[in-house]
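Chain by chain, the residues run as shown.
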Amino acid sequence: MTIGVGGSSFEAELAKLKPMTDGVEPIAVAEFRQRIAKAQTLMREQGLQALYLDTSTSLAYFTGIQLNLTERLHGAVIPVEGEIAYLSPAFEEPKTREYMKFGDDVRCWEEHEDPTELVVETIRSMGYESGQVALDPQTPFFIVDGLRKAFGRATAVDDVQLSVRQGSVFGFVGPNGAGKTTTLSMVAGLLRPDAGAVRVTGIDVWAEPARAKSRIGVLPDRMRLFDRLTGAQMLYYTAVLHGLDRTTAVARADDLAVALGLDGSLERPVRDYSVGMVKKISLAAALVHSPAVLVLDEPFESVDPVSTAQAVDLLRRYAAAGGTVVLSSHNMDLVERVCDAVAVIVGGRILADGTIDEVRDGRSLEERFVELAGGRVAVEGLEWLTTFSA
(Lines give C-alpha, C1' and ligand atoms only; values in the text may rest on other atoms or scores of the structure.)
Protein backbone atom coordinates (compact mmCIF):
# COMPACT_ATOMS: atom_id res chain seq x y z
CA MET A 1 0.00 0.00 0.00
CA THR A 2 1.27 3.49 -0.84
CA ILE A 3 0.79 6.09 1.87
CA GLY A 4 -0.37 9.62 1.03
CA VAL A 5 -0.49 9.34 -2.77
CA GLY A 6 -3.22 10.89 -4.97
CA GLY A 7 -4.33 13.49 -2.47
CA SER A 8 -5.33 11.03 0.26
CA SER A 9 -4.41 11.93 3.83
CA PHE A 10 -1.89 10.03 5.89
CA GLU A 11 -4.53 9.40 8.57
CA ALA A 12 -6.99 8.01 6.03
CA GLU A 13 -4.43 5.58 4.66
CA LEU A 14 -3.46 4.44 8.15
CA ALA A 15 -7.13 3.82 8.92
CA LYS A 16 -7.22 1.31 6.06
CA LEU A 17 -4.40 -0.59 7.75
CA LYS A 18 -6.22 -0.90 11.07
CA PRO A 19 -7.90 -4.29 10.32
CA MET A 20 -4.43 -5.68 9.54
CA THR A 21 -2.84 -4.35 12.71
CA ASP A 22 -5.53 -5.19 15.27
CA GLY A 23 -4.15 -7.62 17.84
CA VAL A 24 -0.57 -7.30 16.59
CA GLU A 25 1.86 -6.14 19.24
CA PRO A 26 4.44 -3.57 18.09
CA ILE A 27 7.91 -5.08 17.71
CA ALA A 28 9.54 -2.76 20.26
CA VAL A 29 6.92 -3.59 22.90
CA ALA A 30 7.32 -7.30 22.20
CA GLU A 31 11.06 -6.99 22.78
CA PHE A 32 10.55 -5.37 26.19
CA ARG A 33 8.06 -8.07 27.13
CA GLN A 34 10.62 -10.71 26.17
CA ARG A 35 13.16 -9.05 28.46
CA ILE A 36 10.68 -9.10 31.34
CA ALA A 37 9.80 -12.74 30.62
CA LYS A 38 13.50 -13.67 30.67
CA ALA A 39 13.94 -11.83 33.99
CA GLN A 40 10.95 -13.71 35.42
CA THR A 41 12.46 -17.03 34.32
CA LEU A 42 15.72 -16.19 36.11
CA MET A 43 13.77 -15.10 39.19
CA ARG A 44 11.96 -18.45 39.31
CA GLU A 45 15.27 -20.31 38.98
CA GLN A 46 16.77 -18.32 41.86
CA GLY A 47 13.68 -18.40 44.08
CA LEU A 48 13.09 -14.65 43.88
CA GLN A 49 9.64 -13.14 44.32
CA ALA A 50 10.13 -9.75 42.70
CA LEU A 51 12.65 -7.51 40.93
CA TYR A 52 12.70 -3.87 42.00
CA LEU A 53 14.02 -1.35 39.45
CA ASP A 54 15.13 2.06 40.64
CA THR A 55 17.78 3.27 38.18
CA SER A 56 17.24 5.02 34.88
CA THR A 57 19.23 2.35 33.02
CA SER A 58 17.23 -0.64 34.24
CA LEU A 59 13.92 1.16 33.77
CA ALA A 60 14.87 1.97 30.18
CA TYR A 61 16.04 -1.60 29.55
CA PHE A 62 12.84 -3.23 30.80
CA THR A 63 10.24 -0.59 29.91
CA GLY A 64 11.65 1.42 27.00
CA ILE A 65 11.07 4.72 28.77
CA GLN A 66 13.55 7.32 27.50
CA LEU A 67 16.41 8.00 29.88
CA ASN A 68 15.81 11.74 29.97
CA LEU A 69 12.27 11.09 31.17
CA THR A 70 12.91 8.49 33.86
CA GLU A 71 13.27 11.10 36.56
CA ARG A 72 9.46 11.07 36.48
CA LEU A 73 9.47 7.53 37.82
CA HIS A 74 10.58 6.43 41.26
CA GLY A 75 10.81 2.86 40.03
CA ALA A 76 8.97 -0.27 38.99
CA VAL A 77 8.37 -3.77 40.34
CA ILE A 78 8.45 -6.91 38.18
CA PRO A 79 6.74 -9.80 39.99
CA VAL A 80 7.82 -13.37 39.29
CA GLU A 81 4.31 -13.87 37.86
CA GLY A 82 2.11 -11.19 36.32
CA GLU A 83 2.41 -7.63 35.04
CA ILE A 84 4.90 -4.92 35.91
CA ALA A 85 3.82 -2.15 38.32
CA TYR A 86 5.15 1.41 37.93
CA LEU A 87 5.82 3.64 40.94
CA SER A 88 5.45 7.39 40.54
CA PRO A 89 4.98 10.59 42.54
CA ALA A 90 1.28 11.46 42.41
CA PHE A 91 1.76 14.83 40.68
CA GLU A 92 3.62 13.09 37.82
CA GLU A 93 1.09 10.31 37.23
CA PRO A 94 -0.28 11.75 33.94
CA LYS A 95 3.21 12.05 32.47
CA THR A 96 4.16 8.60 33.74
CA ARG A 97 1.17 7.08 31.94
CA GLU A 98 1.99 9.04 28.79
CA TYR A 99 5.47 7.54 28.55
CA MET A 100 4.54 3.93 29.39
CA LYS A 101 4.69 1.59 26.40
CA PHE A 102 2.59 -1.16 27.96
CA GLY A 103 0.77 -2.03 31.18
CA ASP A 104 -1.52 0.27 33.15
CA ASP A 105 -0.63 -0.43 36.79
CA VAL A 106 0.72 2.84 38.25
CA ARG A 107 1.09 3.14 42.05
CA CYS A 108 1.52 6.69 43.36
CA TRP A 109 2.71 8.31 46.58
CA GLU A 110 1.94 11.78 47.89
CA GLU A 111 4.67 14.29 48.70
CA HIS A 112 4.44 13.66 52.46
CA GLU A 113 4.67 9.86 52.07
CA ASP A 114 7.74 7.60 52.07
CA PRO A 115 8.24 6.02 48.60
CA THR A 116 9.97 3.01 50.17
CA GLU A 117 6.74 2.05 51.93
CA LEU A 118 5.01 2.04 48.54
CA VAL A 119 7.57 -0.44 47.22
CA VAL A 120 6.89 -2.83 50.10
CA GLU A 121 3.14 -2.30 49.76
CA THR A 122 3.28 -3.02 46.02
CA ILE A 123 5.20 -6.26 46.49
CA ARG A 124 2.79 -7.41 49.22
CA SER A 125 -0.23 -6.55 47.08
CA MET A 126 1.12 -8.93 44.46
CA GLY A 127 0.75 -11.73 46.99
CA TYR A 128 4.31 -11.88 48.30
CA GLU A 129 4.28 -11.41 52.06
CA SER A 130 7.74 -12.88 52.42
CA GLY A 131 10.56 -14.06 50.24
CA GLN A 132 13.53 -12.54 48.45
CA VAL A 133 13.55 -9.44 46.27
CA ALA A 134 16.33 -8.70 43.77
CA LEU A 135 17.56 -5.13 43.36
CA ASP A 136 19.17 -3.33 40.46
CA PRO A 137 22.75 -4.66 40.63
CA GLN A 138 21.55 -7.72 38.69
CA THR A 139 20.04 -5.58 35.93
CA PRO A 140 22.07 -4.15 33.04
CA PHE A 141 23.71 -0.84 33.76
CA PHE A 142 25.94 -0.75 30.71
CA ILE A 143 23.94 -0.88 27.47
CA VAL A 144 24.99 -0.85 23.82
CA ASP A 145 21.96 -0.24 21.63
CA GLY A 146 21.97 -0.65 17.84
CA LEU A 147 25.54 0.50 17.11
CA ARG A 148 26.43 0.84 13.42
CA LYS A 149 29.61 2.02 11.75
CA ALA A 150 30.65 2.00 8.10
CA PHE A 151 33.91 3.04 6.47
CA GLY A 152 33.01 3.97 2.92
CA ARG A 153 30.99 1.07 1.51
CA ALA A 154 32.29 -1.41 4.07
CA THR A 155 30.09 -1.94 7.12
CA ALA A 156 32.34 -2.70 10.08
CA VAL A 157 29.65 -2.91 12.79
CA ASP A 158 26.00 -3.65 12.07
CA ASP A 159 23.29 -3.20 14.73
CA VAL A 160 25.29 -4.39 17.75
CA GLN A 161 23.15 -4.79 20.88
CA LEU A 162 24.69 -5.68 24.24
CA SER A 163 23.76 -5.37 27.89
CA VAL A 164 26.21 -5.90 30.73
CA ARG A 165 25.28 -6.11 34.40
CA GLN A 166 27.15 -4.38 37.17
CA GLY A 167 29.94 -6.33 38.85
CA SER A 168 30.54 -8.67 35.91
CA VAL A 169 33.43 -9.40 33.56
CA PHE A 170 32.09 -9.47 30.01
CA GLY A 171 34.09 -11.03 27.17
CA PHE A 172 33.89 -9.76 23.59
CA VAL A 173 35.40 -12.18 21.07
CA GLY A 174 35.58 -12.51 17.32
CA PRO A 175 38.00 -13.29 14.48
CA ASN A 176 40.36 -10.66 13.08
CA GLY A 177 38.42 -7.94 11.27
CA ALA A 178 35.11 -8.89 12.91
CA GLY A 179 34.48 -5.42 14.37
CA LYS A 180 35.70 -5.84 17.96
CA THR A 181 38.01 -2.84 18.09
CA THR A 182 35.56 -0.64 16.17
CA THR A 183 32.78 -1.56 18.59
CA LEU A 184 34.88 -1.01 21.71
CA SER A 185 36.15 2.31 20.34
CA MET A 186 32.54 3.49 19.95
CA VAL A 187 31.62 2.11 23.38
CA ALA A 188 34.47 4.04 25.01
CA GLY A 189 33.65 7.31 23.26
CA LEU A 190 36.73 7.26 20.99
CA LEU A 191 34.92 6.73 17.67
CA ARG A 192 31.55 8.27 16.80
CA PRO A 193 28.97 5.72 15.61
CA ASP A 194 26.84 6.27 12.52
CA ALA A 195 23.81 5.10 14.51
CA GLY A 196 22.95 3.70 17.92
CA ALA A 197 23.71 4.64 21.51
CA VAL A 198 25.88 3.60 24.44
CA ARG A 199 24.74 4.21 28.03
CA VAL A 200 26.89 3.88 31.12
CA THR A 201 25.07 4.08 34.47
CA GLY A 202 22.23 5.80 32.59
CA ILE A 203 24.46 8.37 30.84
CA ASP A 204 24.60 8.52 27.05
CA VAL A 205 28.28 8.37 26.05
CA TRP A 206 27.78 10.59 23.01
CA ALA A 207 25.12 12.97 24.38
CA GLU A 208 27.09 13.67 27.60
CA PRO A 209 30.67 12.63 26.79
CA ALA A 210 32.41 14.36 29.72
CA ARG A 211 30.11 12.81 32.34
CA ALA A 212 30.25 9.39 30.70
CA LYS A 213 34.02 9.33 30.23
CA SER A 214 34.59 10.19 33.87
CA ARG A 215 33.00 6.80 34.63
CA ILE A 216 34.97 4.82 32.02
CA GLY A 217 38.53 3.52 32.06
CA VAL A 218 39.93 2.60 28.63
CA LEU A 219 42.76 0.46 27.34
CA PRO A 220 42.48 0.85 23.55
CA ASP A 221 44.20 -1.38 21.02
CA ARG A 222 47.64 -0.02 19.97
CA MET A 223 47.28 2.99 22.27
CA ARG A 224 49.90 5.69 21.77
CA LEU A 225 51.43 6.78 25.06
CA PHE A 226 53.48 9.77 26.15
CA ASP A 227 56.49 7.48 26.12
CA ARG A 228 59.09 10.08 27.12
CA LEU A 229 57.46 10.19 30.56
CA THR A 230 58.41 7.69 33.21
CA GLY A 231 55.76 5.19 34.29
CA ALA A 232 55.26 7.14 37.53
CA GLN A 233 54.84 10.44 35.67
CA MET A 234 52.34 8.93 33.23
CA LEU A 235 50.16 7.52 36.01
CA TYR A 236 50.41 10.77 37.97
CA TYR A 237 49.31 12.98 35.07
CA THR A 238 46.54 10.56 34.10
CA ALA A 239 45.21 10.72 37.67
CA VAL A 240 45.45 14.52 37.84
CA LEU A 241 43.62 14.87 34.52
CA HIS A 242 40.80 12.87 36.11
CA GLY A 243 40.64 15.34 39.00
CA LEU A 244 42.60 13.48 41.68
CA ASP A 245 44.79 15.46 44.08
CA ARG A 246 48.58 14.99 44.16
CA THR A 247 48.70 12.79 47.27
CA THR A 248 45.93 10.46 46.04
CA ALA A 249 47.47 10.27 42.56
CA VAL A 250 50.88 9.22 43.87
CA ALA A 251 49.41 6.70 46.33
CA ARG A 252 47.22 5.06 43.67
CA ALA A 253 50.10 4.89 41.19
CA ASP A 254 52.21 3.07 43.79
CA ASP A 255 49.36 0.67 44.67
CA LEU A 256 48.71 -0.21 41.02
CA ALA A 257 52.42 -0.67 40.31
CA VAL A 258 52.67 -3.24 43.10
CA ALA A 259 49.46 -5.01 42.03
CA LEU A 260 50.63 -5.29 38.40
CA GLY A 261 54.29 -6.03 39.04
CA LEU A 262 55.57 -2.64 37.85
CA ASP A 263 56.96 -1.36 41.13
CA GLY A 264 60.57 -1.72 40.00
CA SER A 265 59.96 0.01 36.67
CA LEU A 266 58.07 3.22 37.46
CA GLU A 267 61.16 5.44 37.24
CA ARG A 268 62.07 4.22 33.75
CA PRO A 269 60.79 6.00 30.60
CA VAL A 270 57.79 4.25 29.06
CA ARG A 271 59.63 4.10 25.71
CA ASP A 272 62.04 1.59 27.34
CA TYR A 273 59.19 -0.74 28.34
CA SER A 274 58.55 -4.06 26.63
CA VAL A 275 55.23 -4.58 24.82
CA GLY A 276 53.86 -6.47 27.82
CA MET A 277 54.93 -3.74 30.24
CA VAL A 278 53.25 -1.12 28.05
CA LYS A 279 50.02 -3.14 28.37
CA LYS A 280 50.39 -3.20 32.15
CA ILE A 281 51.07 0.53 32.52
CA SER A 282 48.12 1.20 30.19
CA LEU A 283 45.87 -0.95 32.39
CA ALA A 284 47.08 0.93 35.46
CA ALA A 285 46.29 4.25 33.74
CA ALA A 286 42.77 2.97 32.93
CA LEU A 287 42.21 2.05 36.59
CA VAL A 288 43.80 4.97 38.40
CA HIS A 289 40.62 7.10 38.67
CA SER A 290 38.54 4.12 39.89
CA PRO A 291 36.03 4.09 37.00
CA ALA A 292 32.65 2.36 37.10
CA VAL A 293 33.36 0.56 33.80
CA LEU A 294 36.60 -0.71 32.24
CA VAL A 295 36.75 -1.16 28.46
CA LEU A 296 39.84 -3.22 27.61
CA ASP A 297 40.85 -4.13 24.05
CA GLU A 298 43.23 -7.12 24.09
CA PRO A 299 44.57 -6.32 27.59
CA PHE A 300 46.62 -9.54 27.87
CA GLU A 301 48.21 -9.57 24.43
CA SER A 302 52.01 -10.02 24.79
CA VAL A 303 51.70 -10.19 28.59
CA ASP A 304 53.51 -13.06 30.32
CA PRO A 305 51.50 -15.68 32.29
CA VAL A 306 52.58 -14.40 35.72
CA SER A 307 51.62 -10.81 34.91
CA THR A 308 48.38 -12.01 33.34
CA ALA A 309 47.48 -13.86 36.55
CA GLN A 310 48.21 -10.69 38.56
CA ALA A 311 46.03 -8.58 36.26
CA VAL A 312 43.21 -11.14 36.33
CA ASP A 313 43.26 -11.16 40.14
CA LEU A 314 43.08 -7.36 40.13
CA LEU A 315 40.13 -7.33 37.70
CA ARG A 316 38.29 -9.93 39.76
CA ARG A 317 38.69 -7.81 42.90
CA TYR A 318 37.50 -4.78 40.95
CA ALA A 319 34.40 -6.63 39.70
CA ALA A 320 33.66 -8.09 43.14
CA ALA A 321 33.57 -4.53 44.49
CA GLY A 322 30.95 -3.56 41.87
CA GLY A 323 33.11 -2.52 38.91
CA THR A 324 32.21 -3.73 35.43
CA VAL A 325 34.72 -5.02 32.88
CA VAL A 326 34.25 -5.36 29.12
CA LEU A 327 37.28 -6.97 27.46
CA SER A 328 38.21 -8.44 24.10
CA SER A 329 40.63 -11.32 23.67
CA HIS A 330 41.64 -14.05 21.25
CA ASN A 331 42.47 -16.34 24.18
CA MET A 332 39.30 -18.43 24.52
CA ASP A 333 40.63 -20.34 27.52
CA LEU A 334 41.24 -17.10 29.41
CA VAL A 335 37.81 -15.72 28.50
CA GLU A 336 36.20 -18.97 29.62
CA ARG A 337 38.01 -18.82 32.98
CA VAL A 338 37.67 -15.11 33.70
CA CYS A 339 34.40 -13.89 32.19
CA ASP A 340 30.84 -14.27 33.49
CA ALA A 341 29.28 -13.64 30.07
CA VAL A 342 30.46 -13.34 26.48
CA ALA A 343 29.37 -12.10 23.06
CA VAL A 344 30.70 -13.43 19.74
CA ILE A 345 30.91 -10.96 16.86
CA VAL A 346 31.49 -12.11 13.27
CA GLY A 347 31.30 -9.84 10.23
CA GLY A 348 30.16 -6.90 12.36
CA ARG A 349 27.14 -8.73 13.81
CA ILE A 350 26.57 -10.43 17.17
CA LEU A 351 26.00 -14.15 16.56
CA ALA A 352 25.85 -15.29 20.19
CA ASP A 353 25.42 -13.47 23.50
CA GLY A 354 24.84 -14.74 27.01
CA THR A 355 26.49 -16.41 29.96
CA ILE A 356 29.58 -18.51 29.23
CA ASP A 357 27.53 -21.72 29.61
CA GLU A 358 24.76 -20.44 27.33
CA VAL A 359 27.18 -19.50 24.55
CA ARG A 360 29.30 -22.67 24.89
CA ASP A 361 26.19 -24.84 24.54
CA GLY A 362 27.86 -27.92 26.00
CA ARG A 363 31.19 -27.49 24.23
CA SER A 364 34.36 -25.57 24.93
CA LEU A 365 34.20 -21.86 24.12
CA GLU A 366 36.90 -22.32 21.48
CA GLU A 367 34.91 -25.04 19.68
CA ARG A 368 31.77 -22.92 19.75
CA PHE A 369 33.72 -19.87 18.56
CA VAL A 370 35.24 -21.75 15.62
CA GLU A 371 31.77 -23.00 14.65
CA LEU A 372 30.25 -19.52 14.74
CA ALA A 373 33.21 -18.02 12.86
CA GLY A 374 32.73 -20.39 9.94
CA GLY A 375 34.42 -23.59 11.02
CA ARG A 376 37.80 -24.98 10.16
CA VAL A 377 38.81 -24.86 6.49
CA ALA A 378 40.63 -27.86 5.08
CA VAL A 379 44.14 -26.95 3.93
CA GLU A 380 44.82 -28.20 0.41
CA GLY A 381 47.38 -27.59 -2.30
CA LEU A 382 50.41 -27.16 -0.04
CA GLU A 383 52.13 -30.46 -0.79
CA TRP A 384 55.34 -28.54 -1.43
CA LEU A 385 55.61 -27.92 2.31
CA THR A 386 56.53 -31.57 2.76
CA THR A 387 59.41 -31.40 0.26
CA PHE A 388 62.02 -29.64 2.34
CA SER A 389 64.75 -27.51 0.82
CA ALA A 390 68.15 -29.08 0.50
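As the structure is a computational prediction, the values presented were derived from the model and not from experiment.

Cut-offs and rules
Residues numbered from 1 in each chain as written. Predicted model: local features only at pLDDT ≥ 70, side-chain atom pairs only at ≥ 80, totals over all residues. Heavy atoms only, no water. Helix = DSSP H or I, 4+ residues; strand = E, 2+ residues; numbered from the N terminus. Expected span 1.5 Å × (residues − 1). Buried < 20%, exposed > 50% of the residue type's maximum accessible area, 1.4 Å probe, protein only. Arc of directions from axis to C-beta. Contact = heavy atoms within 4.5 Å. Polar contact = N/O pair within 3.5 Å; in protein donor to acceptor, adjacent residues only side chain to side chain. Axes fitted to C-alpha atoms, helices over the stretch in contact; angles between N-to-C directions. Parallel < 35°, antiparallel > 145°, perpendicular 65-115°, else oblique. Left-handed = near helix turned anticlockwise from the far one by under 90°. Nonpolar A, V, L, I, M, F, W, Y, C, P; charged D, E, K, R; others polar.

**Regarding helix α9 (residues 246-259)**
Now for step 1: When the terminal C-alpha atoms of α9 are compared, their 20 Å separation across 14 residues agrees well with the 20 Å that a helix rising 1.5 Å per residue should span.
Now for step 2: Along α9, the positions that sit buried rather than exposed are Ala249, Ala253, Leu256 and Ala257. Down the axis, α9 shows its buried residues gathered within 100° of arc, on one side only. Counted as exposed and oriented over 90 degrees from the buried face of α9: Thr247, Asp255 and Val258.
Now for step 3: Of the surrounding secondary structure, the elements contacted by the buried residues of α9 are α8 (231-241), α10 (275-287) and α11 (305-320).
Now for step 4: Measuring from the side-chain oxygen of the N-cap residue of α9 to the backbone nitrogen of Thr247 gives 3.1 Å; that N-cap residue is Asp245.
Now for step 5: The positive-phi residue at the C-terminal boundary of α9 is Gly261, with phi of around 70°.

**Some details on the packing of α8 against α10**
Now for step 1: At a minimum axis distance of 9 Å, the contact between α8 and α10 shows a crossing angle of 25°. The angle between α8 and α10 places the two elements in the roughly parallel class. Once α8 is placed against α10, the crossing between them reads as right-handed. Note on element contacts: α10 touches α8 through Ile281, Ala284 and Ala285, opposite Gly231, Met234, Leu235 and Thr238.
Now for step 2: For the contact of α8 with α10, the per-class residue count stands at 5 nonpolar, 2 polar and no charged.

**Re α10**
Now for step 1: The terminal C-alpha atoms of α10 lie 19 Å apart, and with 13 residues this matches the ideal 18 Å at 1.5 Å per residue to within 8%.
Now for step 2: Every buried residue belonging to α10 is among Gly276, Met277, Lys279, Lys280, Ile281, Ser282, Leu283, Ala284, Ala285, Ala286 and Leu287, and all of these are buried.
Now for step 3: Looking at the buried residues of α10, the elements they touch are β11 (216-219), α8, α9, β12 (293-297) and α11.

**Topic: the environment of Leu365**
Now for step 1: Counting through the fold element by element, Leu365 comes out in helix α14 (residues 365-372).
Now for step 2: Judged by its relative accessible area of 0%, Leu365 is buried.
Now for step 3: Along the sequence, Leu365 and Glu336 sit 29 residues apart, while their C-alpha atoms lie 6.5 Å from each other.
Now for step 4: Ignoring anything within four residues of it in the chain, the contact list for Leu365 reads Met332, Val335, Glu336, Val342, Val359 and Arg360.

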